Amino acid sequence: WDTSSWKLLTEVTGLGKGFEPLAIGAVDGAAFAAVYAAAGGRIELRDVERDTVLWSVPLYSPQFERKPTMAGGEEPTLDHVAIAPNGKFVVGYEGPGWMINRGPLDEPDSLGYFGAIVVRNTGDGSIVSTYDIRNVNTLAISPDSKTLLYSVGFHQTYVALARLP
(Lines give C-alpha, C1' and ligand atoms only; values in the text may rest on other atoms or scores of the structure.)
Protein backbone atom coordinates (compact mmCIF):
# COMPACT_ATOMS: atom_id res chain seq x y z
CA TRP A 1 0.00 0.00 0.00
CA ASP A 2 1.03 3.54 -0.66
CA THR A 3 -0.10 5.15 2.60
CA SER A 4 -0.27 8.63 1.10
CA SER A 5 -3.00 7.58 -1.35
CA TRP A 6 -4.02 4.16 0.07
CA LYS A 7 -3.45 2.71 -3.39
CA LEU A 8 -2.44 -0.96 -3.57
CA LEU A 9 1.01 -1.03 -5.18
CA THR A 10 1.45 -4.77 -5.52
CA GLU A 11 0.02 -7.94 -4.09
CA VAL A 12 2.36 -10.67 -2.88
CA THR A 13 1.17 -14.19 -3.59
CA GLY A 14 1.55 -17.23 -1.41
CA LEU A 15 2.06 -15.58 1.98
CA GLY A 16 0.38 -17.59 4.71
CA LYS A 17 -3.27 -18.24 5.31
CA GLY A 18 -4.04 -15.43 7.73
CA PHE A 19 -3.51 -17.21 11.05
CA GLU A 20 -0.06 -18.63 10.32
CA PRO A 21 3.15 -17.23 11.83
CA LEU A 22 5.03 -14.81 9.65
CA ALA A 23 8.38 -13.07 10.13
CA ILE A 24 9.98 -10.39 8.01
CA GLY A 25 13.53 -9.14 7.69
CA ALA A 26 16.47 -8.68 5.38
CA VAL A 27 18.53 -11.67 4.25
CA ASP A 28 21.43 -12.03 1.83
CA GLY A 29 20.05 -11.24 -1.61
CA ALA A 30 16.71 -9.85 -0.42
CA ALA A 31 16.21 -6.51 1.32
CA PHE A 32 12.65 -7.46 2.32
CA ALA A 33 11.98 -11.14 2.93
CA ALA A 34 9.22 -13.08 4.66
CA VAL A 35 9.29 -16.57 6.13
CA TYR A 36 6.06 -18.48 6.73
CA ALA A 37 4.35 -21.88 6.71
CA ALA A 38 3.43 -22.99 3.20
CA ALA A 39 1.11 -25.67 1.89
CA GLY A 40 2.08 -29.31 2.22
CA GLY A 41 3.93 -29.03 5.52
CA ARG A 42 6.68 -26.74 4.24
CA ILE A 43 8.47 -23.60 5.39
CA GLU A 44 9.27 -20.97 2.77
CA LEU A 45 11.43 -17.88 2.54
CA ARG A 46 10.16 -15.37 -0.03
CA ASP A 47 11.67 -12.22 -1.48
CA VAL A 48 8.69 -9.92 -1.01
CA GLU A 49 9.86 -7.18 -3.39
CA ARG A 50 10.46 -9.59 -6.28
CA ASP A 51 7.60 -11.95 -5.27
CA THR A 52 9.82 -15.01 -5.64
CA VAL A 53 10.38 -18.00 -3.38
CA LEU A 54 14.03 -18.16 -2.29
CA TRP A 55 13.62 -21.64 -0.81
CA SER A 56 10.91 -24.05 0.27
CA VAL A 57 11.76 -27.05 2.47
CA PRO A 58 9.79 -29.57 4.55
CA LEU A 59 9.08 -28.61 8.14
CA TYR A 60 10.99 -30.56 10.77
CA SER A 61 9.12 -32.91 13.05
CA PRO A 62 10.96 -34.26 16.09
CA GLN A 63 10.90 -37.97 16.71
CA PHE A 64 9.24 -39.03 19.94
CA GLU A 65 7.55 -42.11 21.22
CA ARG A 66 3.84 -41.74 20.64
CA LYS A 67 1.92 -43.82 23.11
CA PRO A 68 -0.99 -45.86 21.71
CA THR A 69 -3.35 -43.72 23.81
CA MET A 70 -2.10 -40.44 22.28
CA ALA A 71 -3.96 -38.48 19.64
CA GLY A 72 -2.95 -35.27 17.92
CA GLY A 73 -1.43 -33.56 14.93
CA GLU A 74 -0.18 -35.60 12.01
CA GLU A 75 1.08 -32.88 9.67
CA PRO A 76 4.03 -30.71 10.78
CA THR A 77 3.21 -27.13 11.71
CA LEU A 78 5.09 -23.89 12.19
CA ASP A 79 4.01 -22.07 15.34
CA HIS A 80 6.59 -19.35 15.92
CA VAL A 81 9.22 -17.94 13.58
CA ALA A 82 11.82 -15.17 13.50
CA ILE A 83 14.53 -13.95 11.13
CA ALA A 84 17.81 -13.08 12.83
CA PRO A 85 18.63 -9.36 12.53
CA ASN A 86 21.97 -10.24 10.86
CA GLY A 87 20.02 -12.12 8.16
CA LYS A 88 21.90 -15.42 8.62
CA PHE A 89 19.29 -17.58 10.37
CA VAL A 90 15.60 -18.36 10.48
CA VAL A 91 14.52 -19.76 13.84
CA GLY A 92 11.17 -21.50 14.12
CA TYR A 93 9.19 -23.76 16.39
CA GLU A 94 8.24 -26.71 14.20
CA GLY A 95 6.55 -30.00 14.95
CA PRO A 96 3.46 -32.17 14.81
CA GLY A 97 1.50 -29.94 17.17
CA TRP A 98 -0.86 -30.69 20.00
CA MET A 99 -0.95 -34.15 21.53
CA ILE A 100 -3.35 -35.48 24.11
CA ASN A 101 -3.15 -38.72 26.00
CA ARG A 102 -6.50 -40.32 26.74
CA GLY A 103 -5.27 -41.01 30.29
CA PRO A 104 -5.23 -38.78 33.38
CA LEU A 105 -4.61 -35.12 32.45
CA ASP A 106 -2.44 -34.43 35.50
CA GLU A 107 0.44 -36.57 34.16
CA PRO A 108 3.36 -34.70 32.50
CA ASP A 109 2.80 -36.38 29.11
CA SER A 110 -0.98 -36.05 29.17
CA LEU A 111 -1.36 -32.90 27.09
CA GLY A 112 1.01 -30.54 25.38
CA TYR A 113 2.64 -29.28 22.26
CA PHE A 114 5.35 -31.45 20.77
CA GLY A 115 7.91 -29.63 18.66
CA ALA A 116 11.47 -28.43 18.22
CA ILE A 117 13.25 -25.12 17.96
CA VAL A 118 14.86 -25.29 14.52
CA VAL A 119 17.67 -22.99 13.37
CA ARG A 120 17.90 -22.79 9.56
CA ASN A 121 20.38 -21.19 7.19
CA THR A 122 18.70 -18.35 5.28
CA GLY A 123 20.75 -19.19 2.18
CA ASP A 124 19.08 -22.52 1.45
CA GLY A 125 16.80 -23.47 4.38
CA SER A 126 19.11 -26.23 5.55
CA ILE A 127 18.96 -27.11 9.24
CA VAL A 128 21.87 -25.78 11.29
CA SER A 129 20.63 -27.13 14.64
CA THR A 130 17.53 -28.41 16.42
CA TYR A 131 16.43 -28.52 20.02
CA ASP A 132 13.52 -30.85 20.75
CA ILE A 133 11.41 -29.20 23.44
CA ARG A 134 7.75 -29.21 24.31
CA ASN A 135 5.32 -26.36 24.80
CA VAL A 136 7.28 -23.36 23.47
CA ASN A 137 5.05 -20.26 23.72
CA THR A 138 7.29 -17.57 22.24
CA LEU A 139 10.73 -17.06 20.77
CA ALA A 140 12.77 -13.99 19.94
CA ILE A 141 16.29 -13.30 18.66
CA SER A 142 18.52 -10.66 20.25
CA PRO A 143 19.47 -7.58 18.18
CA ASP A 144 23.06 -8.88 17.83
CA SER A 145 21.74 -12.25 16.52
CA LYS A 146 23.79 -14.19 19.07
CA THR A 147 21.10 -15.19 21.56
CA LEU A 148 17.69 -16.80 21.37
CA LEU A 149 15.09 -16.22 24.07
CA TYR A 150 12.21 -18.65 24.37
CA SER A 151 9.49 -19.32 26.89
CA VAL A 152 7.88 -22.59 27.82
CA GLY A 153 4.52 -23.01 29.46
CA PHE A 154 2.22 -25.83 30.52
CA HIS A 155 3.34 -28.24 33.24
CA GLN A 156 6.70 -26.43 33.47
CA THR A 157 6.92 -22.68 33.00
CA TYR A 158 10.20 -20.88 32.39
CA VAL A 159 12.06 -18.47 30.15
CA ALA A 160 15.45 -19.48 28.77
CA LEU A 161 18.31 -17.97 26.80
CA ALA A 162 20.31 -20.03 24.32
CA ARG A 163 23.31 -19.19 22.14
CA LEU A 164 22.78 -19.22 18.40
CA PRO A 165 25.48 -20.78 16.21
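Just above sits the structure.
As a starting point, this report considers the structure included with it.

Each value, and the rule that gives it
Residues numbered from 1 in each chain as written. Predicted model: local features only at pLDDT ≥ 70, side-chain atom pairs only at ≥ 80, totals over all residues. Heavy atoms only, no water. Helix = DSSP H or I, 4+ residues; strand = E, 2+ residues; numbered from the N terminus. Buried < 20%, exposed > 50% of the residue type's maximum accessible area, 1.4 Å probe, protein only. Contact = heavy atoms within 4.5 Å. Areas by Shrake-Rupley, 256 points an atom, 1.4 Å probe, with all protein chains shown as cover. Pairing = 2+ DSSP bridges. Axes fitted to C-alpha atoms, helices over the stretch in contact; angles between N-to-C directions. Polar contact = N/O pair within 3.5 Å; in protein donor to acceptor, adjacent residues only side chain to side chain. Core = buried A, V, L, I, M, F, W, Y, C linked by side-chain atoms within 4.5 Å. Salt bridge = Lys/Arg side-chain N within 4 Å of Asp/Glu carboxyl O.

### Notes on the overall build of the chain
Argument step 1. Within the chain one finds zero helices and 12 strands.
Argument step 2. The helix and strand sequence of the chain, counted from the amino end, reads β-β-β-β-β-β-β-β-β-β-β-β.
Argument step 3. By the burial criterion, 41% of the 165 residues in the chain qualify as buried.
Argument step 4. Excluding contacts between residues fewer than 6 apart, the proportion of contacts in the chain whose partners are at least 24 apart in sequence is 44%.
Argument step 5. Counting only carbon and sulfur atoms, one obtains 55% of the accessible surface of the chain, whose full area is about 9300 Å².

### Brief notes about the sheet that holds strand β11 (residues 147-152)
Argument step 1. Pairing within the open sheet is antiparallel, and its three strands lie in the order β10-β11-β12. The outermost strands of the open sheet, each flanked by one partner alone, are β10 (136-141) and β12 (158-163). Neighbouring strand axes in the sheet, compared pairwise and without regard to direction, differ in orientation by 20° on average.
Argument step 2. Sheet topology places β11 next to β12; six bridges connect them, and they run antiparallel. Bridging from a neighbouring strand, Tyr-150 pairs with Ala-160 of β12.

### Here's the deal with the side chain of Asp-47
Argument step 1. Mapped onto the secondary structure, Asp-47 falls in strand β3 (residues 42-47).
Argument step 2. A residue is classified by how much of its surface remains accessible, and Asp-47, at 1% relative accessible area, is buried.
Argument step 3. A polar side-chain atom of Asp-47 sits 3.1 Å from the main-chain amide nitrogen of Glu-49.
Argument step 4. Excluding anything up to four places from it in sequence, Asp-47 contacts Gly-29, Ala-30, Phe-32, Thr-52 and Leu-54.

### Points about unusual backbone geometry
Argument step 1. Non-glycine residue Asp-51 carries a positive phi angle of around 55°.
Argument step 2. In this fold, Asp-51 is placed in the loop between β3 and β4 (52-58).
Argument step 3. A relative accessible area of 28% places Asp-51 in the partly exposed class.
Argument step 4. In this structure, Ser-145 takes a positive phi of about 65° despite not being glycine.
Argument step 5. Assignment of secondary structure puts Ser-145 in the loop between β10 and β11.

### Looking at the pairing of β11
Argument step 1. The buried fraction of β11 is high, at five of six residues.
Argument step 2. Bridge analysis of β10 against β11 gives five bridges, and the strand direction is antiparallel. Paired with Val-136 across the two strands is Val-152, which belongs to β11.
Argument step 3. The turn joining β10 and β11, which pair antiparallel and follow one another in sequence, is formed by five residues; a positive phi near 65° is taken by Ser-145.

### Observations regarding the environment of Arg-42
Argument step 1. Relative to the elements of secondary structure, Arg-42 occurs in strand β3.
Argument step 2. Between the C-alpha atom of Arg-42 and that of Ser-56, which follows or precedes it by 14 residues, the distance is 6.4 Å.
Argument step 3. Excluding residues that lie within four positions of it along the chain, Arg-42 makes contacts with Tyr-36, Ala-37, Ser-56, Val-57, Pro-58 and Leu-59.
Argument step 4. Within polar-contact distance, the side chain of Arg-42 engages the backbone oxygen of Ser-56 at 2.6 Å.

### Side note on the nonpolar core
Argument step 1. Val-91, Ile-117, Leu-148 and Tyr-150 are the most contacted members of the largest nonpolar core, which has 17 residues in total.
Argument step 2. For this core, the secondary structure elements donating two or more residues are β7 (89-101), β8 (111-121), β10 and β11.
Argument step 3. Ignoring any residue separated from it by four or fewer positions in sequence, one finds Val-91 in contact with His-80, Val-81, Ala-82, Ile-117, Val-118, Val-119, Leu-139, Ile-141, Leu-148 and Leu-164.

### Structural notes on the pattern of salt bridges
Argument step 1. All chains considered together, the criterion is met by three salt bridges.
Argument step 2. For Arg-50, the salt bridge goes to Asp-47, with nearest N and O atoms at 2.4 Å.

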